[in-house]
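Here is how the chains run, residue by residue.
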Amino acid sequence: MIGDVASPSDFSLPGCEFFSLQQQYETGFRTARESPTRHYARKNIGYLQAIRDGAGIIIETDDDNEPMADFWRTRTLRRRVSVLSQPGWVNVYRYFTDESVVWPRGLPLTAVKRELITYEGSPVQEVDCPIQQGLANENPDVDAIYRLTASLPISFRSDRALALANGTWCPFNSQNTVFFPEAYPLLYLPALCSFRMTDIWRSFVAQRIFWENGWMLLFHEPTVIQERNEHDLMKDFRDEVPGYLHNETIADILSGLSLKAGVDEIRNNLTKCYEALVNAELFPRRELDLLDAWLEDLGGLGKLAGV
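Residues numbered from 1 in each chain as written. Predicted model: local features only at pLDDT ≥ 70, side-chain atom pairs only at ≥ 80, totals over all residues. Heavy atoms only, no water.

Undergrad: I tried to follow the overall build of the protein chain on my own but got confused; where do I start?
TA: For the protein chain, the helix and strand inventory stands at 8 helices and 10 strands. Rg of the C-alpha trace for the protein chain: 18 Å, near the compact-globule value of 19 Å for 307 residues, within the 12% margin. Oriented by its inertia axes, the alpha-carbon framework of the protein chain measures out at about 50 × 40 × 40 Å. Every one of the 307 residues in the protein chain was classed for burial, and the buried ones make up 55%. For the protein chain, the share of sequence-separated contacts (at least 6 apart) that also reach a separation of at least 24 residues comes to 77%. Split by element, the accessible area of the protein chain, about 13,300 Å² in all, is 49% carbon and sulfur. Positive and negative charge centroids in the protein chain, built from 30 and 43 side chains respectively, lie 4 Å apart. (Helix = DSSP H or I, 4+ residues; strand = E, 2+ residues; numbered from the N terminus. Rg over C-alpha atoms; globule rule 2.2 N^0.38 Å. Buried < 20%, exposed > 50% of the residue type's maximum accessible area, 1.4 Å probe, protein only. Contact = heavy atoms within 4.5 Å. Areas by Shrake-Rupley, 256 points an atom, 1.4 Å probe, with all protein chains shown as cover. Lys, Arg positive; Asp, Glu negative; His and termini not counted. Charge placed at Lys NZ, Arg CZ, Asp CG, Glu CD.)

See below:
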């Protein structure tokens, strides 16, 4: 658990290793020194510490999610699942519910009602899924527009899993997400963007790099129940506006990049992706300094970091 300015330095919880700001600085990670405080992206320090500690997988969540019994099951990189190959944006939530209109935070509004290929019509294949997004029941990760205009709670189907093929886009979040070592470099959360977009824009970069390696992003049944912390929905809306305006542009920019295949190329591909987004003025140039700190810290961890 990674603290921030408001966190009590003496926080203690059984089974939890807490890092205060001072303890973060003492890790020696450049990321700990250079990342802004009062920002969600300080989770990057937790990822680095977990990798240093030898984590075989990293499962990230937030403090308002309660694990369901199936959360603790063994996770496997290779899965036999239905594969959705539908170029462009896909509203994955609609495969897990009969609700006519519900969508994940970060999905362009133009894609909310896009016609879908049927689940039954998707071929079943064995595929490598180094990032796996579990859904959340009752108060799932939807955007402020949905929360302001529609009803909750929602519970999703528990009998499905779906992998997205090359060219198929859907945002994934940091609420209930598994990363295998091959994908550890892609954990990087950008810090110099909206709080509500940091994990979403990370997800677009990760998906684009996946395509070069023949990997697929997996969405599976809910394994947590979210009892959401109190939010100012209009503030969330303001923080999500950059996504409403730019998510499709980001996907277009990333799709047009020439990247290289191979795990050894992931670090270079990350840099190319963020350089392109900086050049498009979607991030300030200092984001590249923070990314460089992340990559330097990963390099110090060597093979533990999947690089």
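Undergrad: Is there a simple way to explain the pairing of strand E3 (residues 78-84) in this structure?
TA: Two faces, one strand: in a regular strand the side chains alternate between the faces of the sheet. Summarising burial for E3: 5 of the 7 residues are buried, a large majority. The pairing of E3 with strand E7 (residues 161-164) spans 3 bridges and is classified as parallel. Across the sheet, Val83 pairs through a bridge with Ala163, a residue of E7. (Pairing = 2+ DSSP bridges.)

Undergrad: Explain the environment of Leu298 here, please?
TA: With respect to the helices, strands and loops of the structure, Leu298 is situated in helix H8 (residues 286-301). Under the relative-accessibility criterion, Leu298 is labelled buried at 0%. Considered as a pair, Leu298 and Ala251 are 47 residues apart in the sequence and their alpha carbons are 26 Å apart.

Undergrad: Explain the packing of helix H3 (residues 43-52) against H8 here, please?
TA: A pair of packed helices is characterised by two quantities: the angle between their axes and the separation of those axes. For the pair H3 and H8, interaxial distance at closest approach is 10 Å and the crossing angle is 10 degrees. What the angle tells us is that H3 and H8 run roughly parallel. Listed contacts from H8 to Asn44, Tyr47, Leu48, Ile51 and Arg52 of H3 are Trp294, Asp297, Leu298 and Leu301. In the contact of H3 with H8, the residues fall into 6 nonpolar, 1 polar and 2 charged. (Axes fitted to C-alpha atoms, helices over the stretch in contact; angles between N-to-C directions. Parallel < 35°, antiparallel > 145°, perpendicular 65-115°, else oblique. Nonpolar A, V, L, I, M, F, W, Y, C, P; charged D, E, K, R; others polar.)

Undergrad: In this structure, what is going on with the packing of aromatic side chains? I would like to understand it.
TA: The relative placement of two aromatic rings is captured by the distance of their centres and the angle of their planes. The tally for this structure, following the rule as stated, stands at 17 aromatic pairs. Here the aromatic rings of Tyr40 and Phe195 are separated by 5.6 Å at their centres, their planes lie at 80 degrees, and the arrangement is edge-to-face. With Tyr40 in the loop between helix H2 (30-34) and H3 and Phe195 in the loop between strand E9 (176-179) and helix H5 (198-213), the pair connects residues that are 155 residues apart, well separated along the chain. Given a relative accessible area of 17%, Tyr40 falls into the buried group. Aromatic pair Trp169 and Phe204: ring centres 6.0 Å apart, planes at 90 degrees, arrangement edge-to-face. In this pair, Trp169 sits in strand E8 (residues 168-169) while Phe204 sits in helix H5, placing the two residues 35 residues apart along the sequence. (Phe/Tyr/Trp six-rings, centres within 6.5 Å; stacked < 30°, edge-to-face > 60°.)

Undergrad: Just checking my understanding: could you explain the side chain of Arg42 for this structure?
TA: Within the secondary structure, Arg42 is located in the loop between H2 and H3. Buried and unpaired, Arg42 has Asp4 as its nearest opposite-charge partner, separated by 4.7 Å. The contacts of Arg42, once residues within four sequence positions are left out, are Ile2, Asp4, Leu21, Gln24, Tyr25, Ala32, Ser35, Pro36 and Thr37. (Salt bridge = Lys/Arg side-chain N within 4 Å of Asp/Glu carboxyl O.)

Undergrad: Help me understand the pattern of salt bridges in this model?
TA: Should their charged atoms come close, side chains of opposite charge can pair. For the structure shown, the criterion picks out 18 salt bridges. Close ionic contact of Arg157 with Asp159 constitutes a salt bridge, the shortest N to O distance being 2.8 Å. The class of Asp159 is exposed, set by a relative accessible area of 51%. As a salt-bridge pair, Arg228 and Asp236 come within 3.2 Å of each other at their nearest N and O atoms. Looking at Asp236, the relative accessible area reads 5%, which means it is buried.

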